[in-house]
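Survey of secondary and tertiary structure
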Amino acid sequence: MKISQKVKKILSHYESDCPGVRANLARILMHGHLGGTGKMVILPIDQGFEHGPGRSFAINPQAYDPLYHYQMAIDAGLSAYAAPLGMLEAGANTFVGAIPTILKINSSISLLPRGDEADQAVTGSISDALRLGCSAIGFTIYPGSNAILEMLEELRELSEEAKSCGLAVVVWSYARGNMSKEGETAIDTISYGAHIAALMGAHIIKVKLPTDFLENAEAKKEYIAHKIDISNQTTRVQHVVEACFGGRRLVVFSGGAAKGLEGVYEDARAIRDGGGNGSIIGRNAFRRPRHEAMKMLDTLIKIYQNKL
């Protein structure tokens with residue numbers, strides 16, 4: 001695998017990591033149609049855990065089959081495929097070596113109340129990730145939840161073990177708990193959560209696209225006093241990237257709730273133009289018929305290639 005100069009520069013930002021971690025980051029960054037560009041599109045399939053199979057897959061029954069998602073990620077030329085333990089186990093041998101995989105190592109279920117007590121259970125292990133040949137683990141934190149301090153302690157322990165074994169760490173940082181609903185996507189809470197993930201040693205940080213709402217009164221004073229431009233999606237993405245060590249950490253943005261194609265493409269252009277590293281897009285892919293999803297993913301890749 002020849003590593004591009006762009007990817008070499010990105011890897012140079014991870015100064016403390018061993019060759020194994022850097023090699024796995026390189027595998028993700030060099031794989032698929034965006035290989036070598038510093039951009040990524042990752043397919044995550046953890047919605048069966050989070051929302052249940054009916055809410056997730058009834059609209060497209062083929063998506064009940066874990067192999068469907070593996071194959072779509074491979075055929076679309078994506079950077080990686082992320083899923084919980086059982087999903088990866090179901091196709092581990094069939095698709096061995098075909099695409100970098102990320103073991104989503106903690107999960108929640110929507111049958112439980114969330115709110116201020118939002119939490120996730122650890123549902124996989126570092127040994128699982130190694131056994132399945134994964135390039136990375138994925139872990140969700142909920143900044144704002146009453147459970148966040150324990151979640152950070154879990155993340156620290158799992159990250160230490162993962163890095164010692166040469167695995168990269170991807171952190172899903174979703175502001176939730178002790179805030180308004182608007183606050184969950186507010187620019188100040190999104191950038192705060194992204195910064196926390198960077199402080200925790202994440203190699204790749206996943207957050208939601210932020211709005212221009214400001215949740216925290218003290219933060220709002222600073223944004224106004226220093227005239228931080230949050231007027232459009234591109235400048236908000238740029239601000240989140242800055243919060244991740246001035247762009248020295250990889251930042252990707254979730255696709256969010258299912259939306260129209262033009263909304264998906266507008267989001268991708270804002271991510272690209274704001275200096276983000278790409279998209280993790282699940283529901284907006286697998287809830288569409290396969291031919292529509294493939295066309296959408298191809299268009300996203302072209303956007304990140306600056307072709308559209």
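Here, every reference points to the structure presented above.
Please read all numbers here as calculations on a predicted model, not as lab measurements.

Definitions and limits used
- Residues numbered from 1 in each chain as written.
- Predicted model: local features only at pLDDT ≥ 70, side-chain atom pairs only at ≥ 80, totals over all residues.
- Heavy atoms only, no water.
- Core = buried A, V, L, I, M, F, W, Y, C linked by side-chain atoms within 4.5 Å.
- Buried < 20%, exposed > 50% of the residue type's maximum accessible area, 1.4 Å probe, protein only.
- Helix = DSSP H or I, 4+ residues; strand = E, 2+ residues; numbered from the N terminus.
- Contact = heavy atoms within 4.5 Å.
- Expected span 1.5 Å × (residues − 1).
- Pairing = 2+ DSSP bridges.
- Axes fitted to C-alpha atoms, helices over the stretch in contact; angles between N-to-C directions.
- Phe/Tyr/Trp six-rings, centres within 6.5 Å; stacked < 30°, edge-to-face > 60°.
- Lys NZ or Arg CZ within 6 Å of the ring centre and 35° of its normal.
- Patch = residues over 30% accessible without salt bridge, like charges linked within 9 Å, V, L, I, M, F, W, Y side chains within 5 Å.
- Areas by Shrake-Rupley, 256 points an atom, 1.4 Å probe, with all protein chains shown as cover.
- Salt bridge = Lys/Arg side-chain N within 4 Å of Asp/Glu carboxyl O.
- Lys, Arg positive; Asp, Glu negative; His and termini not counted.
- Charge placed at Lys NZ, Arg CZ, Asp CG, Glu CD.

Membership of the largest hydrophobic core comes to 99 residues, with the highest contact counts inside it found for Met72, Tyr81, Ile137, Ile141 and Leu297. Ranked by residues supplied to this core, first place goes to helix α14 (residues 290–304) with eight residues. In contact with isoleucine 141, other than residues within four places in its own chain, are Ile148, Met151, Leu152, Leu155, Val171, Trp172, Ser173, Tyr174 and Ile196.

What follows is about helix α9 (residues 187–199). Between its first and last C-alpha, α9 extends 18 Å over 13 residues, near the 18 Å set by a 1.5 Å rise per residue. With 10 of its 13 residues buried, α9 lies for the most part within the structure. Among all positions of α9, only Ile187, Asp188, Thr189, Ile190, Ser191, Gly193, Ala194, Ile196, Ala197 and Ala198 are buried. Elements that come into contact with the buried residues of α9 comprise β6 (136–141), α8 (148–164), β7 (168–173), β8 (204–207), α10 (217–225) and α11 (233–243). Backbone geometry just downstream of α9 places glycine 201 in the positive-phi region, at approximately 90°.

Our focus in this paragraph is unusual backbone geometry. Non-glycine residue asparagine 178 carries a positive phi angle of around 55°. By secondary structure assignment, the location of asparagine 178 is in the loop between β7 and α9. Among the residues examined, asparagine 178 registers a relative accessible area of 46% and is labelled partly exposed. Residue phenylalanine 245 is not a glycine yet carries a positive backbone phi of 60°. Tracing the chain through its elements places phenylalanine 245 in the loop between α11 and β9 (250–254). When its relative accessible area of 30% is taken as the criterion, phenylalanine 245 is described as partly exposed.

On to the sheet that holds strand β10 (residues 278–280), then. Spatially, the eight strands close up into a barrel ordered β1-β2-β3-β6-β7-β8-β9-β10, and their pairing is parallel. Going across the sheet, the axis of each strand differs from the next one's by a mean of 25°, ignoring polarity. As defined by bridge partners, strand β1 (residues 40–44) adjoins β10 across three bridges and the pair is classed as parallel. Looking at β10, one finds that valine 41 is bridged to serine 279.

Time to look at the packing of aromatic side chains. Applying the stated rule across the entire model yields four aromatic pairs. Here the basic side chain of lysine 104 rests over the ring of tryptophan 172, its NZ or CZ set 5.3 Å away from the ring centre. Above the face of the tyrosine 174 ring, lysine 208 is positioned so that its terminal group lies 5.1 Å from the ring centre.

Here alanine 129 shows up in helix α7 (residues 126–131). Assessed through its relative accessible area of 0%, alanine 129 is described here as buried. The residues touching alanine 129, leaving out its near neighbours within four places in the chain, are Leu103, Cys134, Ile137 and Leu167.

Turning to a nonpolar patch on the surface, a few remarks are in order. On the surface, a cluster of nonpolar side chains totalling about 410 Å² of accessible area is made up of Phe49, Ile109, Leu111 and Leu112. With respect to the secondary-structure elements, leucine 111 resides in the loop between β4 (106–107) and β5 (121–122).

A separate point is a negative patch on the surface. A surface patch of negative charge is lined by Asp116, Glu117, Asp119, Glu150, Glu153 and Glu157. Relative to the helices and strands, glutamate 157 resides in helix α8. Take glutamate 157: its relative accessible area is 51%, and that puts it in the exposed class.

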